[in-house]
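Structural description and commentary
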Amino acid sequence: MTLPQLLLQATELVYLLQRFMKYIVDLTLVLQTLALVAGNQELTRKAIKLAVKSYHDSPMSGEVHNRIQEYDRQFTFRERADHDSLDRLVQLLQSYNISAEEMSDLRGKIPAVDLLSDEPWDTV
């Protein structure tokens, strides 16, 4: 393999790692938002769509992606290989974790929304 091919492959691996970290963190935080929104109610498409939209529109979504990109910029490919990306992923998740007490407080601040009337996936 030539040097340009190795560099391209390393760049692709960095991009893949970044996408994987974003996916895991986004999924976890959307599920956390869903638990907050739905509480003990039955999960419906409406509740899922509300949780996804709430997370997507929140400043947290952009913050998380910026922190992941910053992590990637801090190290060269070789240095990143020596660091444990899984530890970084866990740190990110822990920094956005909502405790049971915080969850309870936040639930009290959320206005009532009819989540039981379901809707199709294709509406916004």
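Scroll up for the structure.
Worth saying up front: this structure is predicted, and the values here are computed from it rather than measured. (Residues numbered from 1 in each chain as written. Predicted model: local features only at pLDDT ≥ 70, side-chain atom pairs only at ≥ 80, totals over all residues. Heavy atoms only, no water.)

**Comments concerning the overall build of the protein**
The number of helices and strands found in the protein is six helices and zero strands. Starting at the N terminus and ending at the C terminus, the protein contains elements arranged as α-α-α-α-α-α. Within the protein, the proportion of its 124 residues that are buried is 28%. With the model as given, the accessible surface of the protein reaches about 8700 Å², and the carbon-plus-sulfur share is 59%. (Helix = DSSP H or I, 4+ residues; strand = E, 2+ residues; numbered from the N terminus. Buried < 20%, exposed > 50% of the residue type's maximum accessible area, 1.4 Å probe, protein only. Areas by Shrake-Rupley, 256 points an atom, 1.4 Å probe, with all protein chains shown as cover.)

**Some details on helix H5 (residues 85-95)**
Ser 85, Arg 88, Leu 89 and Leu 92 are the residues of H5 that are buried. Looking down the long axis of H5, one finds its buried residues gathered within 100° of arc, a one-sided arrangement. Exposed side chains of H5 directed beyond 90 degrees from the buried face belong to Leu 86 and Gln 94. (Arc of directions from axis to C-beta.)

**Here we look at the packing of helix H3 (residues 59-74) against H5**
The interhelical angle for the contact between H3 and H5, taken along N-to-C directions, is 150°, at an axis separation of 11 Å. As summarised for this structure, H3 and H5 are arranged roughly antiparallel, according to the angle between their axes. Crossing angle aside, the handedness with which H3 passes H5 is right-handed. Between H3 and H5, the residues in contact are Arg 67, Ile 68 and Tyr 71 and Ser 85, Arg 88, Leu 92 and Ser 95, respectively. Of the residues belonging to the contact of H3 with H5, the class tally is three nonpolar, two polar and two charged. (Axes fitted to C-alpha atoms, helices over the stretch in contact; angles between N-to-C directions. Parallel < 35°, antiparallel > 145°, perpendicular 65-115°, else oblique. Left-handed = near helix turned anticlockwise from the far one by under 90°. Contact = heavy atoms within 4.5 Å. Nonpolar A, V, L, I, M, F, W, Y, C, P; charged D, E, K, R; others polar.)

**A look at the environment of Glu 42**
Position of Glu 42 among the secondary structure elements: in the loop between helix H1 (3-38) and helix H2 (45-57). Assessed through its relative accessible area of 57%, Glu 42 is described here as exposed. Between the C-alpha atom of Glu 42 and that of Leu 116, which follows or precedes it by 74 residues, the distance is 7.1 Å.

**Details of the packing of H2 against H3**
As a packed pair, H2 and H3 sit with axes 4 Å apart at the nearest point and diverge in direction by 60°. In terms of orientation, H2 and H3 fall into the oblique class. In this structure, H2 contributes Tyr 55, His 56 and Asp 57 to the contact, and H3 contributes Pro 59, Met 60, Ser 61 and Val 64. Residue composition of the contact of H2 with H3, by class: four nonpolar, two polar and one charged.

**Describing the layout of surface pockets**
Unfilled space is identified by rolling a water-sized probe across the atoms. One number sums up the size of the largest pocket: a volume of about 150 Å³. For the largest pocket, the full set of lining residues is Leu 29, Gln 32, Thr 33, Leu 36, Val 37, Ser 54, Tyr 55, Ser 58, Met 60, Ile 98 and Ile 110. Breaking the lining of the largest pocket down by element, the ones donating at least two residues are H1 and H2. Here the lining of the largest pocket takes five residues from H1, the largest share from any one element. Class assignment for the residues of the lining of the largest pocket results in seven nonpolar, four polar and no charged. (1 Å grid on protein atoms, 1.4 Å probe; cavity = no way out; pocket = protein on both sides within 12 Å on 5 of 7 lines; lining within 4 Å. Points joined across faces, edges and corners; volume = space filled by probe spheres on them.)

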